[in-house]
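Now for the letters of each chain:
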Amino acid sequence: MRLRLRSGALATGCLLAEALGVALFLRGFFPLPVRSLPRGEARAEPPAEPAPPGPGIVSNWTKIPPPLFKKVVIVLIDALRDDFVFGSKGKQFMPYTTQVIEKGTSYSFIAEAKPPTVTMPRIKALMTGSIPGFIDVVVNLNSPALMSDNLIWQAKAAGKRIIFYGDDTWVKLFPKHFVEYDGTTSFFVSDFTEVDDNVTRHLDRVLKREDWDLLILHYLGLDHIGHMTGPNSPLVGPKLREMDNVLKKIHISLLSKEGEASLPSLLVVCGDHGMSETGSHGGSSEGEVHTPLLFISSAFEKRSGPLTQLELVQQTDLASTLAVGLGLPISRNNVGNIILPVVGSKTMREQLRFLHMNGFQLSTLLQENTPAYEKDLGYEQFKIAEKSHGNWIKLYLEGNNSEILLNLGKKVLKQYLEALRTLSSSLSKQVAQYDMYSMMVGTVIIMEVLLLLFLSVPKALSSRAEFEVPLSPPLFSLLFYLMCLMLCAVHVIVCTSAESLCYFCSMSWLTAVGVMMLISALMCGILSAVGKTLENSRLPLKNLGASSSSWSEVDVLILAGTIGHVLSLGASSFIEEEHQTWYFLINTLCLALCQELCRNHFLLKECDLQLGTTMKQNFDSIGAAPECKNIDVQAASNSKLGKAASSAESVKGSDKWISLASPWIILICCRLLRSLNQTGVQWAHRPDFGHWLTRGITEARFVYVFVLGIVFTGTKDLLKSQVISADSHMKSTGLWEVYSGLVLLSALLFRPHNLPVLVFCLLIQTMMTKYIWRPLKFDAAQITIMHYWFGQAFFYFQGNSNGIATVDVSAGFVGLESYVEIPAIFLTAFATYAGPLLWAIHLLCYLSSEVSRNSAAVGHGCFCYALMRSIPVALYIVLVTGLRYHLFIWSVFSPKLLYEGVHVFITAAVCLFFTAMDQNHSQKVQD
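Residues numbered from 1 in each chain as written. Predicted model: local features only at pLDDT ≥ 70, side-chain atom pairs only at ≥ 80, totals over all residues. Heavy atoms only, no water.

**Notes on the confidence of the model for the protein chain**
- Averaged over all residues, the pLDDT of the protein chain is 82; the fraction at 70 or higher stands at 82%.
- Ignoring residues within four places in sequence, the model shows residues 541-548, a span with pLDDT below 50, making 3 contacts including any to other chains.
- Contacts for the low-pLDDT stretch residues 618-651, under 50 throughout, to residues beyond four places or in other chains number 44 contacts. (pLDDT = per-residue confidence, 0-100. Contact = heavy atoms within 4.5 Å.)

Laid out in structure tokens, this is it:
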């Protein structure tokens, strides 16, 4: 039994296998952060004070110190940048907060958030004190309940009454923890007012009551304004003024009731993340990671003057600080440090007690995650500080009140703070342990797919573009079974001996065996392809002159550009500014095409004279040189001269000059598009063309109806051409209708100032089709690579980058009145990858119209498209594995890896569509 397989079908199958490999690699590369024992198993007893040296003196302080504050209010303003409070905007739009900061009883800090700077991971960091895994950016849209130890759980366990209003992510993370709550949908970014009014409307009623201990308010309006209009929008000022009035109301209410309470209250103002210069977030720019952190309470000393220098703290420091403020145990997964000024009003003994509890918790977490913890510098420093602490306690219990006691206490404080910083740094570096086994399995599949595609190039790009794949030998050969047995044995050994949890080992045996069989089948296919290649190399070369063809400048550029782009992915700066690479490549391509067109048109007369002279010598029947158009040019199509002669005759008159001007027009369009959206890192702050606008829901739905109608009509024509009658004209019409529908959908989802991107995309596609590709008669492989290059360039022309912050989530809510997960995800993904998708569908439309000239054009295009996607993702995965401990692994390399993974899945879907539209289907033939 043999399977006759088209090259497009082979490419699609390879991409589906590659998508599986990428999914396994991503699951292994983005692991879970360090974790302590589960809540029920870990030690719940707080540590006692360090024992003083010598006999006869014992400290019996073993309980958690009493709370410092009676009530705590946390006001979290989503996307609140530090300069919105401490900069000119704060002085202008937040006068009450500025007055409290400069002259009130408060402490102000800049809190640094770790990427990914999206809401759900940041809430985890604030409430647990831990650094969430980078993969949390993927599950941000659907937050599961938080099972690890956290401040909210500890407060509830201690009998604290917690009230929450705001982003419903909190309700999902902490179900059944609040005695009263009202969640608002966080992802409907077109709502600037109601989303905050739903929080503020509860304030007057709650502030009058005494039946709560912890009040959490999460305001979303500022984040939504940033997504829709950017940080410099005129809407930002009024929103900050609104937040200032909210803080004023809360602060005055808390102060008015402090006379009745034995303890003061605490108001905490913070942001979960900041905002980039484009208004989004998720990356690691300064505007995204720096947020204000304010502690306002009458327990603090009143400031005597304006702020001079703000101290930088970590966002994870809030959890441990609030824990001691509320008299709660510090979360077991906490990697943050207590912010000392907040507890600075307490006695020296209490301050040392707080720091010892923090250090004990960090050292315990280090012991549970590091085998050689005793050699860690932070652990050694903590033990030294603990010993000094014991000496201080001895002096204190002996009643020594001299200056020696005060100086020793200050020394112990410094020792503890240094130990805490070192322990936090050690734990932060171990925030994730890579699942190397899952990564290696995924890498093997990806590299096998890439090697198989490379070995299949000669057959895939042949005139027939078909493979006769024998089914019996690979699936029933001894090699196949031996490889399966060997891989299963390796799987058993790894999974039984691995100390850490492995995702691939946790999969069912049936699934694992299926993956092993896939790896074995791919290896058998590779060995079979290598054998055929060696066998063909031994055969005598025939018709060498007829089969050989020289490489043109365009071919050399395509090869050099592909290799150069892949190599550039090894440098973080090139990843941050990858758009510059693609801009350079398409500009160089336009210059090369200009050279080809000039050679084609201006060497035409010389070509005619030479061909005419040659033919006159051989055939007396041929007269003058201008009649060379009657020559069978197809026989000479392998030479540059023959190709030029055959292609030039289709471009005459004014079309000739339009053809010559096309590369220069395209260059001008590309230069304009570069200025439309500043992306990357170096120039992202520069102003763009256009400004943000909004769209009405009714108008958007009206467009959706048209889009669905156009796509439905096109799909109907495609089904008729594929099922009822093999009508190539009907199929071509259907494809162009589907393409038109996608263009209309893109026009709806794009920001208004991005519509020129769509216009220039259509203009460049039209010009290259009519005046470059068809006149120069490029083959399907060359045209496919050009489409791929321009698709990548237009990805960046849209304003995208390799940072999470440039994902335009607002596109997922065009025409929606509320958050609906599946449509929102689809629309956001389509809007993000609209450039590559439109160029890919245009490629299919163009190649389908060229079937009359080359019946294998669609198959060639599908194969080349798959190969162009497989080369960078395979090599980038190898690079990332080697650079997994690089300084910029989470800020630069990891976001790019997510983009590459999603792009593989999208390309696999595109190639499936290519294969479905290929005229010649795979057939089974008897051997």
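From this point, the narrative continues.
**Description of the state of the cysteines**
- In this structure the tally under the stated criterion is 1 disulfide.
- With its sulfur 2.0 Å from that of its partner, C495 forms a disulfide with C505. When the S-S torsion is -85°, as for the bridge of C495 with C505, the disulfide is left-handed. You can see C495 sitting in helix α20 (residues 478-497) and its partner C505 sitting in helix α21 (residues 503-506), a full 10 residues away along the chain.
- In this structure C505 comes out as partly exposed when scored by relative accessible area, which is 22%.
- The cysteine C524 is free of any disulfide, with C484 supplying the nearest cysteine sulfur at 7.8 Å. (Disulfide = S-S within 2.5 Å. Helix = DSSP H or I, 4+ residues; strand = E, 2+ residues; numbered from the N terminus. Buried < 20%, exposed > 50% of the residue type's maximum accessible area, 1.4 Å probe, protein only.)

**Quick word on the sheet that holds strand β8 (residues 290-296)**
- Read from one edge of the open sheet, 8 strands run β5-β4-β6-β2-β7-β8-β3-β9, paired in mixed fashion. Strand pairing shows two members of the sheet lacking a second neighbour, β5 (180-184) and β9 (311-314), which therefore form its edges. Recorded for the sheet is a direction-independent mean angle of 20° between the axes of neighbouring strands.
- Note: strand β2 (residues 72-77) against strand β7 (residues 266-270), 5 bridges, orientation parallel. Each residue of the ladder has a partner; that of V73, found in β7, is L267. (Pairing = 2+ DSSP bridges. Axes fitted to C-alpha atoms, helices over the stretch in contact; angles between N-to-C directions.)

**Some remarks on the pairing of β8**
- Judged by how many residues are buried, β8 sits mostly within the fold: 7 of 7 residues are covered.
- On β8, burial covers both faces: H290, P292, L294 and I296 on one face and T291, L293 and F295 on the other are all buried.
- The sheet contact formed by β7 and β8 spans 4 bridges and is antiparallel. Considered in β8, the bridge of L267 is made with I296.

**Some details on the packing of helix α29 (residues 654-676) against helix α33 (residues 780-797)**
- Look at α29 against α33: their axes get within 9 Å of each other, and the N-to-C directions meet at 35°. Considering only the axes of α29 and α33, their crossing is left-handed. Seen from α29, the contacting residues are I666, C670, L673 and R674; seen from α33, they are F790, F794 and F797. (Left-handed = near helix turned anticlockwise from the far one by under 90°.)

**A few points about the packing of aromatic side chains**
- The final tally for this structure, using the stated rule, is 28 aromatic pairs.
- Taking 6.4 Å as the distance between ring centres and 70° as the angle between the ring planes, the aromatic pair formed by W582 and W789 counts as edge-to-face. Note that W582 is positioned in helix α26 (residues 578-602) and W789 in helix α33, a separation of 207 residues in sequence. Take W582 and W789: they sit in the same class, and that class is buried.
- Note on F795 and Y796: the rings are 5.0 Å apart at their centroids and 90° apart in plane angle, and the pair reads as edge-to-face. Take F795 and Y796: they sit in the same class, and that class is buried.
- Connected via pairs of aromatic rings, a cluster forms that spans F164, W170, F174, F178 and Y181.
- The ring of W212 carries the charged tip of K71 above its face, separated from the ring centre by 4.2 Å.
- The positively charged end of R353 is found above the aromatic ring belonging to W61, 5.3 Å away from the centroid. (Phe/Tyr/Trp six-rings, centres within 6.5 Å; stacked < 30°, edge-to-face > 60°. Lys NZ or Arg CZ within 6 Å of the ring centre and 35° of its normal.)

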